[in-house]
Amino acid sequence: MSDIKFEEMAKTPAPWLSGAGEESLVVLSTRVRLARNVAGCQYPTAADAETRQRIMGYVDSVMSRSDLLGSGTFCKANELEMLDRDFLVERHIISPVFLGHDDTAKGVWMGSDERLSIMVNEEDHFRVQGLSAGLDVSGAYQMAANYEREIGQHLEFDYDADFGYLTACPTNAGTGMRASVLIHLPGLVLTKEIERVIQRLTQSGLIVRGYYGEGSDVAGNLFQISNQNTLGITEAEIMSQILRSAQEIVSEEAEARQHLMDQAQDMIEDKIWRAYGILKTARMLSGDEVMNLLSAIRLGHALKIIDFLTVSLINDLLLLSQPAHLQKFFGTDMDAERRDHARAQLVREKLRNSISDDGV
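Since the structure is predicted, the reported quantities are computational estimates derived from the model, not experimental observations.

## Some remarks on the overall build of the protein chain
The number of helices and strands found in the protein chain is 12 helices and 10 strands. Relative to the compact-globule value of 21 Å for 360 residues, the protein chain shows a C-alpha radius of gyration of 21 Å, a close match. Principal-axis analysis of the C-alpha atoms places the extent of the protein chain at approximately 65 × 45 × 30 Å. In the protein chain, which comprises 360 residues, the share counted as buried stands at 56%. Here the contacts in the protein chain between residues at least 6 apart in sequence split such that 71% fall between residues at least 24 apart. Computing the positive centroid from 35 side-chain charges and the negative centroid from 53, the protein chain places the two 3 Å apart.

## Some words on unusual backbone geometry
Here the phi dihedral of Glu23 falls at roughly 55°; this positive angle occurs in a residue that is not glycine. By the secondary structure assignment, Glu23 is in the loop between helix H1 (6–10) and strand S1 (27–36). Looking at Glu23, the relative accessible area reads 38%, which means it is partly exposed. Even without glycine at this site, Lys192 takes up a positive phi of about 60°. The residue Lys192 is located in the loop between helix H6 (186–190) and helix H7 (194–203) in this model. Residue Lys192 is classed as exposed on the basis of its relative accessible area, which comes to 70%.

## Some points on H7
Looking only at H7, the buried set comprises Ile194, Val197, Ile198 and Leu201. Projected onto a plane normal to the axis of H7, the buried residues spread over an arc of 100° and lie on a single side. Exposed positions of H7 whose direction lies more than 90 degrees from the buried face are Glu195 and Gln203. Each element contacted by the buried residues of H7 is listed here: H6, strand S9 (206–209), strand S10 (222–227) and helix H8 (235–281). Of the residues flanking the end of H7, it is Gly205, one or two places downstream, whose phi is positive at about 95°.

## Comments concerning the packing of helix H9 (residues 287–302) against helix H10 (residues 311–320)
Running from N to C, H9 and H10 point in directions that differ by 170°, and their axes come no closer than 10 Å. In terms of orientation, H9 lies roughly antiparallel with respect to H10. Counting all contacts with H9, which are made through Met291, Leu294, Ile297, Arg298 and His301, the residues of H10 involved are Val311, Ile314, Asn315, Leu317 and Leu318.

## Observations concerning the sheet that holds S1
The 8 strands lie next to each other as S2-S3-S4-S5-S1-S8-S10-S9, forming an open sheet whose pairing is antiparallel. With partners counted over all chains shown, the strands left at the sheet margins are strand S2 (73–76) and S9, one partner each. Ignoring strand direction, the axes of neighbouring strands in this sheet form an average angle of 20°. For S2 and strand S3 (residues 107–110), the ladder comprises 4 bridges, and the chain directions are antiparallel. Among the inter-strand pairings, Phe74 is bridged to a residue of S3, identified as Trp109.

## Some details on the pairing of S1
In terms of burial, S1 is largely enclosed, as 10 of its 10 residues are buried. One ladder, built from 7 bridges, connects S1 with strand S8 (residues 177–184); its direction is antiparallel. In the sheet register, Val27 faces S8, and the bridge partner there is Ile183. Relative to strand S5 (residues 126–133), S1 runs antiparallel, the two sharing 8 bridges. Directly across from Arg36, in S5, lies its bridge partner Phe126.

## What about the packing of helix H4 (residues 82–90) against helix H11 (residues 323–330)?
It is the contact of H4 with H11, at a shortest axis distance of 8 Å, that shows an interaxial angle of 115°. Our pair here, H4 against H11, has a crossing hand that is left-handed. In this structure, H4 uses Leu83, Asp84, Asp86, Phe87 and Glu90 to contact H11, whose residues at the interface are Pro323, Ala324, His325, Gln327 and Lys328. Residues that form the contact of H4 with H11 fall into these classes: 4 nonpolar, 2 polar and 4 charged.

Reading guide: rules and limits
- Residue numbers run consecutively from 1 along every chain, following the written order of its sequence.
- Two thresholds apply to this predicted model, a pLDDT of at least 70 for residue-level local features and 80 or more for giving and counting side-chain atom pairs, whereas whole-chain, interface and lining totals are computed over all residues.
- The basis for every side-chain value is the complete set of non-hydrogen atoms in the structure, without hydrogens or water.
- Helix and strand assignments follow DSSP, with helices taken as H or I runs no shorter than four residues and strands as E runs no shorter than two, numbered in order from the N terminus.
- The reference for a compact globule is 2.2 Å times residues^0.38; the radius of gyration itself is calculated from the C-alpha atoms.
- Buried, partly exposed and exposed residues are distinguished by accessible area as a fraction of the type maximum, computed with a 1.4 Å probe on protein chains only: under 20%, between the cut-offs, and over 50%, respectively.
- Throughout, a contact is declared for two residues whenever any of their heavy atoms are within 4.5 Å.
- For this count, His and the chain ends are skipped, Lys and Arg are scored as positive, and Asp and Glu as negative.
- By convention, charge coordinates are those of NZ in Lys, CZ in Arg, CG in Asp, or CD in Glu.
- Comment: arc refers to directions from the helix axis out to C-beta atoms.
- For helices, the axis comes from a line fit to the C-alpha atoms of the stretch in contact; other axes are also lines fit to C-alpha atoms, and the angle between any two N-to-C directions lies between 0 and 180 degrees.
- By the definition adopted for this analysis, an angle is roughly parallel if under 35 degrees, roughly antiparallel if over 145, roughly perpendicular if from 65 to 115, and oblique otherwise.
- Only when DSSP finds a minimum of two bridges between them are two strands counted as paired.
- Crossing handedness: left-handed means the near helix sits turned counterclockwise from the far one by under a right angle, and right-handed means the same turn made clockwise.
- Three classes are used, and their members are as follows: Ala, Val, Leu, Ile, Met, Phe, Trp, Tyr, Cys and Pro are nonpolar, Asp, Glu, Lys and Arg are charged, and the others, Gly among them, are polar.

Spelled out as structure tokens, the structure:
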């Protein structure tokens, strides 16, 4: 069984949501994921059980020979409870897709600080992921690339001189690299400029998705923006495109926030303080409701209206309010109604303790 203590993890803020890094009032985190496959082996979605088990054996071999990988934790998917898997999705360590296939020969490796993780036998043999707080495309890439190179020291990757790294999905071939930023855009949403921005991003070859990426809905005005092209483009060009686009969006979001304060300050302040009042006193909070309320006070913090809360606390509440995190935090399974009660309790206590700690 995995020796990961999920209940302890739930009570520890995720490093990638620390509120540190560049542009952290708008950009929560940056992720880079590298897809790689072992030469001569069928890819997971088409492979038989023997091949998938062979890949798992390769992981054991690499971990035993690598100081980098030997310092982390590896757990097999079939040893994880469903709640544990949901928790790892919420933690952005595994993808929702990871849950969708046969789990008899798949697993996830996780570094001690959660900023580096590797999915094994998802759509590809390896998905190496680096996560950084704030806008830090280069930092996230360097983390992922270091571990990808370490695996490549021991295994030969499937590579074509013309097409680059070969992947299960053709849209990932070439660099095999997906870079993304998780970005908070309440200003553009409230000024109704968000559709224009999304259309421009799409036309420039980027993809805009929800909080959990592919197939997920937008919640709390949080958007995930990533590159669409991986073939015929270098890693440096992808990083440059994501960085440049993120900086442009940050600038547009700042203009939208200023416009709101210039044109409707009383309305914006009322929205923010009402959100804070509900979070501080509510006895039941649904998942959608808490995301929207936390979005409002995150905006309030950025505008220095609610300056006694830290962005790291607000980010932490965004994560802890998710269903699996709530159940791991309180150490018990809950139905939806009990989660709504527990969510409100947790938010009240966290806000009260934060105010007490700061002497407000």
